[in-house]
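What follows is the residue order along each chain.
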Amino acid sequence: MAPLTSIRTSNGKLEIVNQLLLPHTTEYIDINTIEEAHDAIKTMKIRGAPAIASLAALSLSFHISNALAATPSPEFLTSPESLKTYVEPILSFLYTARPTAVNLGAATRRLSKKLQTSFVAGTDVRTIAQQLADEGKLIADEDVGRNEEMSKWGGDWLLKRVGDEGSASGLNVLTVCNTGSLATSGYGTALGLITYLHESGKLDKAYYTQTAPYHQGSRLTALELQTLKIPSVMICDTMVGSLFQHYKIHAVAVGADRIARNGDTANKIGTYNAAVLAARHGIPFIVVAPISTVDLDVADGSGIPIEQRPPLEACLVRGALYTGAGDATNEQAVVMITPRGLDGIYNPSFDVTPAELITAIVTEKGVAVKKPGEVTFDLSGIV
Ligand code: MRU
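Thresholds applied
Residues numbered from 1 in each chain as written. Predicted model: local features only at pLDDT ≥ 70, side-chain atom pairs only at ≥ 80, totals over all residues. Helix = DSSP H or I, 4+ residues; strand = E, 2+ residues; numbered from the N terminus. Rg over C-alpha atoms; globule rule 2.2 N^0.38 Å. Buried ≥ 20, exposed ≤ 12 C-beta atoms within 10 Å, placed from the backbone. UniProt positions renumbered as here; feature names shortened; annotations may be inferred. Contact = placed C-beta atoms within 7 Å. Pairing = 2+ DSSP bridges. Axes fitted to C-alpha atoms, helices over the stretch in contact; angles between N-to-C directions.

Caption draft 1: Quick peek at the overall build of the protein chain. Across its full length, the protein chain holds 10 helices and 16 strands. Radius of gyration (C-alpha) of the protein chain: 21 Å, near the 21 Å computed for a compact globule of 383 residues. Each of the 383 residues in the protein chain was classed as buried or not, and the buried ones make up 47%.

In structure tokens, the structure reads:
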């Protein structure tokens, strides 16, 4: 079975798979408006840094394409000025859906720049609108090819680093959250690296944390690995230390939502814990992400905005009803696992792993490592 992708575009329709219902129910939702795209991102029906940027870009692209095809033509297509006045607030609105992943801001800024350049060039309104729609599609399409590139860079680098140690039985790699085809436009970043090792016959097992409270690991990564027939082992988030004590793990590979200029990296909550433990056990810790995830405007991790999710989300577990026979029904359930009315709940969606704990940052351009004796990266040269 082909891996699930988060976004489907066919017959002029923009749809996403509702990730809140996976793995037991595969439901596609139509995204007909900018508001629906914003809501899907905010409520995490779609999530993962590249995927949310792709949806934002595509929602504008579809909106403009539909407007271009409509008769009578909507008012905002009267002049370049009216188009600009109409589109700029849409881009600002989409940008507010989630704050940590830089990709969303990078996509909206890129569309804004495209609009500005065409505007200054004095092109007619329909041409500007078409260019904007094309740019939106391009943002989504670019993701797959670069994921394959970074996965190969990272996989080959790791094989070289591990050398003979892993060659006999293959490598064991731990990952956090979900960075596969559901989080991107296809193939994945850290999960792409794992897939590449598997396809090269060099992977023993993929290990992944459940990734509470949203359970991207146990719901989404589990499903992707199962679909790809990659041998894998799920662990609870609390078991990383135990895993490192009792099993030979060759690397930890994670994605990123934003990487500061010095290499400090924001990723799903729990990533920092895994990095501290990896350092303690001398296990290489690899961040795999597109160049666009590097935010040169942010000097270090203290400047990365960390999204706080609604407290209630940490009290709930989502899934399908269990039949008691090792199986589940398709009936969805949301279960509260805390007493009602808890007043103290800390629920950050991401944490920052300091560069010091990161062995390598892998992008589609190659592998960045720190200079000998340094504790941070200088990423200004790779963007
Ligand atoms: O809250 P989420 O599920 O959007 O968080 C996702 C992650 O932290 C991913 O690791 C990151 O976005 C990289 S996805 C290729």
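Here the narrative resumes, following the displayed structure.
Caption draft 2: Here's a closer look at the UniProt feature "active site" (unreviewed entry) in the protein chain. Mapped onto this numbering, the UniProt entry annotates "active site" (unreviewed entry) at Asp257. Tracing the sequence through the fold places Asp257 in the loop between strand 7 (251–254) and strand 8 (258–260). Judged by the 30 C-beta atoms lying within 10 Å of it, Asp257 is buried. Excluding its chain neighbours within four sequence positions, the residues that come into contact with Asp257 are Ala49, Thr100, Ala101, Val102, Ala266, Asn267 and Phe350.

Caption draft 3: The arrangement of the sheet that holds strand 3 (residues 28–30) in detail. Strand order across the open sheet formed by 3 strands is 1-2-3, with antiparallel pairing between neighbours. Strands at the two margins of the open sheet, each flanked by one partner only, are strand 1 (7–10) and strand 3. Sheet twist, expressed as the mean angle between neighbouring strand axes with direction ignored, is 30°. Relative to strand 2 (residues 13–17), strand 1 runs antiparallel, the two being bridged by 4 bridges. Bridge pairing in strand 2 links Arg8 to Glu15.

Caption draft 4: A look at the sheet that holds strand 4 (residues 171–175). Read from one edge to the other, the open sheet built from 7 strands follows the order 6-5-4-7-10-15-16, with strand pairing classed as mixed. The sheet terminates laterally at strand 6 (232–235) and strand 16 (366–368), the two strands that pair on one side only. Across the sheet, the axes of successive neighbouring strands diverge by a mean angle of 25°, strand direction being ignored. Two elements, strand 10 (residues 285–288) and strand 15 (residues 360–363), share 3 bridges in a ladder whose sense is parallel. Counterpart to Ile286 in the pairing with strand 15 is Ala360. Together, strand 4, strand 7, strand 10, strand 15 and strand 16 form the strand contacts of helix 5 (residues 125–162), whose direction differs from that of strand 15 by roughly 145°.

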